[in-house]
Protein chains: 2
Amino acid sequence: MRIARPSDIEPKAMDMEGAHATAMRLLIGPDAGAPTFVMRMFEIEPGGHTPLHEHQWEHEVFVLDGEGEVVSPEGRTPLRPRTALFVAPGEKHQFVNAGSETLRFLCLIPLQVQSC
Amino acid sequence: MRIARPSDIEPKAMDMEGAHATAMRLLIGPDAGAPTFVMRMFEIEPGGHTPLHEHQWEHEVFVLDGEGEVVSPEGRTPLRPRTALFVAPGEKHQFVNAGSETLRFLCLIPLQVQSC
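Conventions we followed
- Residues numbered from 1 in each chain as written.
- Chains lettered and ligands numbered in written order.
- Predicted model: local features only at pLDDT ≥ 70, side-chain atom pairs only at ≥ 80, totals over all residues.
- Helix = DSSP H or I, 4+ residues; strand = E, 2+ residues; numbered from the N terminus.
- Rg over C-alpha atoms; globule rule 2.2 N^0.38 Å.
- Buried ≥ 20, exposed ≤ 12 C-beta atoms within 10 Å, placed from the backbone.
- Contact = placed C-beta atoms within 7 Å.
- Least-squares fit on C-alpha atoms with pLDDT ≥ 70 in both.
- Nonpolar A, V, L, I, M, F, W, Y, C, P; charged D, E, K, R; others polar.
- Pairing = 2+ DSSP bridges.
- Core = buried A, V, L, I, M, F, W, Y, C linked by C-beta atoms within 7 Å.
- pLDDT = per-residue confidence, 0-100.

Explain the overall build of chain A to me, please; I cannot follow it from the model alone.
Assigned secondary structure in chain A consists of 0 helices and 10 strands. Secondary structure elements of chain A, listed N to C terminal, follow the sequence β-β-β-β-β-β-β-β-β-β. Against the 2.2 N^0.38 benchmark of 13 Å for 116 residues, chain A shows a C-alpha radius of gyration of 13 Å, consistent with a compact globule. Principal axes of the C-alpha set define a box for chain A whose edges measure 40 × 30 × 25 Å. Sorting the 116 residues of chain A into buried and exposed places 39% on the buried side. Sequence-distant contacts in chain A: of pairs separated by 6 or more residues, those separated by 24 or more amount to 65%.

Printed below as a string of structure tokens:
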């Protein structure tokens, strides 16, 4: 059993091409013993965004703070606190901060991938 | 891509022996297409608790509201909002509302199990 407080975990800037003003904290990962999936917290500052990209694994997202949008080929969908979002494998997506505060969300992925 | 707002999902009372005043909402599950793990939200009312139990799969928990404790053979660990908790497969655990408001948390499990 292991407790993790986000404030105790150093944020790591997301340095993928197309990312801007975005950082990630790994809350529950392989070093905690997670065998199937990992829990990360993302923080996107105002004006920031993740890359518009796709990959062969899913995201399970839960918004904690701020106002955002998820961009997909179908358009822009608003994200607000207490919204859950499932992004299926292969779906193109981008997270954008659409407000004036930090957009903060959990984003969980399967363990076998080590990316965003 | 699929959005789920907890308020749109009917809570289901947890009817396992040893559970009290606890309900669950399935936010992201097989019907959304989740291939690896599922996202549930638990709400434990004041005085309520989950069973003290163990099973062969992990929990990844993130506390949203309220004050709680996780009980294990090692004792009681406080849970407060913005705390992440990893419970390893085989670890005995119980979630208890230790406050006067609803204790609300996300609890994710691998897809192949359909229990708590």
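Next comes the rest of the description.
So what exactly am I meant to see when it comes to the relation of the copies chain B and chain A here?
Mapping between the two chain copies consists of a rotation about an axis together with a translation along that axis. Its rotation angle being 180 degrees, the transformation that places chain B on chain A also includes 0.0 Å of axial translation and leaves an RMSD of 0.0 Å. As the rotation angle and translation indicate, the two copies are arranged about a two-fold axis. The residues that chain B uses at the interface reappear at the interface of chain A in 100% of cases, marking a shared surface.

Looking at this structure, I do not really get the interface of chain B and chain A. What am I missing?
How big an interface is tends to be reported as the loss of accessible area on association of its parts. Counting from both sides, the interface comprises 33 residues of chain B and, opposite them, 33 residues of chain A. For the side of chain B that touches chain A, the secondary structure elements donating two or more residues are β1 (2–4), β3 (20–28), β4 (37–49), β5 (59–65), β8 (84–87) and β10 (103–110) of chain B. In terms of residues, the side of chain B that touches chain A owes the most to one element, β8(B), which gives 4 residues. Its residues placed into classes, the side of chain B that touches chain A shows 21 nonpolar, 6 polar and 6 charged. Pairing of strand β1 (residues 2–4) of chain A with β8(B), which is carried by 3 bridges, proceeds in the antiparallel orientation. Looking at β8(B), one finds that A:Ile3 is bridged to B:Leu85.

Where do I start with the pairing of strand β3 (residues 20–28) of chain A in this structure?
All names here are of chain A. The sheet contact formed by strand β2 (residues 12–13) and β3 spans 2 bridges and is antiparallel. The residue of β3 that forms the bridge with Lys12 is Met24. Taken together, β2 and the strand that follows it, β3, pair antiparallel across an intervening segment of 6 residues, in which Gly18 is found at a positive phi of about 95 degrees. Sheet analysis places β3 next to strand β4 (residues 37–49), joined by 7 bridges and oriented antiparallel. Paired with Thr22 across the bridge in β4 is Ile44.

Can you walk me through unusual backbone geometry in this structure?
As a rule of thumb, non-glycine residues mostly have phi less than zero, and peptide bonds are mostly trans rather than cis. Residue and element names in this part refer to chain A. Phi angles above zero are rare outside glycine, and Arg82 is one such case at about 70 degrees. Among the secondary structure elements, Arg82 is positioned in the loop between β7 (75–79) and β8 (84–87). For Arg82, a count of 13 C-beta atoms within 10 Å translates into the label partly exposed.

Whenever I open this one, the pairing of strand β10 (residues 103–110) of chain A confuses me. Can you help?
Residues in a regular strand point their side chains to alternate faces of the sheet. All names here are of chain A. Counting buried residues along β10, 6 of its 8 residues qualify, which places the element largely inside the surrounding structure. Examined bridge by bridge, β4 and β10 share 8 bridges and lie antiparallel to one another. From the neighbouring strand, Ile44 faces β10, where its bridge partner is Leu103. When strand β5 (residues 59–65) meets β10, the two strands line up antiparallel, connected through 5 bridges. The residue bridging Asp65 from the neighbouring strand is Arg104, located in β10.

I would appreciate a short explanation of the nonpolar core in the present structure.
For soluble globular proteins, nonpolar side chains are generally found buried alongside one another. By size, the foremost hydrophobic cluster in this structure holds 58 residues, and its most contacted members are A:Leu106 and B:Leu106. Once you skip the residues sitting within four places of it in the chain, A:Leu106 turns out to touch A:Met39, A:Met41, A:Val61, A:Phe62, A:Leu64 and B:Phe62.

Please explain the environment of B:Arg40 as it appears in this structure.
Residues and elements named next belong to chain B. Looking at where Arg40 falls in the secondary structure, it is placed in strand β4. Taking the C-alpha atoms as reference, Arg40 lies 5.7 Å from Leu106; in sequence the two are 66 residues apart. Filtering out sequence-adjacent residues up to four positions away, Arg40 remains in contact with Met24, Arg25, Leu26, Leu27 and Cys107.

Would you mind showing me how to read the confidence of the model for chain A here?
Close inspection of predicted coordinates is inappropriate for parts of the model with low pLDDT. When the pLDDT values of chain A are averaged, the result is 96; 97% of them are 70 or greater. The ipTM, which scores confidence in the relative placement of chains, is 0.95 for this predicted complex, and the corresponding pTM is 0.96.

What am I meant to see in the environment of B:Arg76 here?
Residues and elements named next belong to chain B. The topology assignment puts Arg76 in strand β7 (residues 75–79). A residue is classified by how many C-beta atoms lie within 10 Å of it, and Arg76, with 13 of them, is partly exposed. Linking Arg76 and Val96, residues 20 residues apart in sequence, is a C-alpha distance of 9.6 Å. With near-sequence residues (within four places) excluded, Arg76 lies in contact with Glu69 and Val71.

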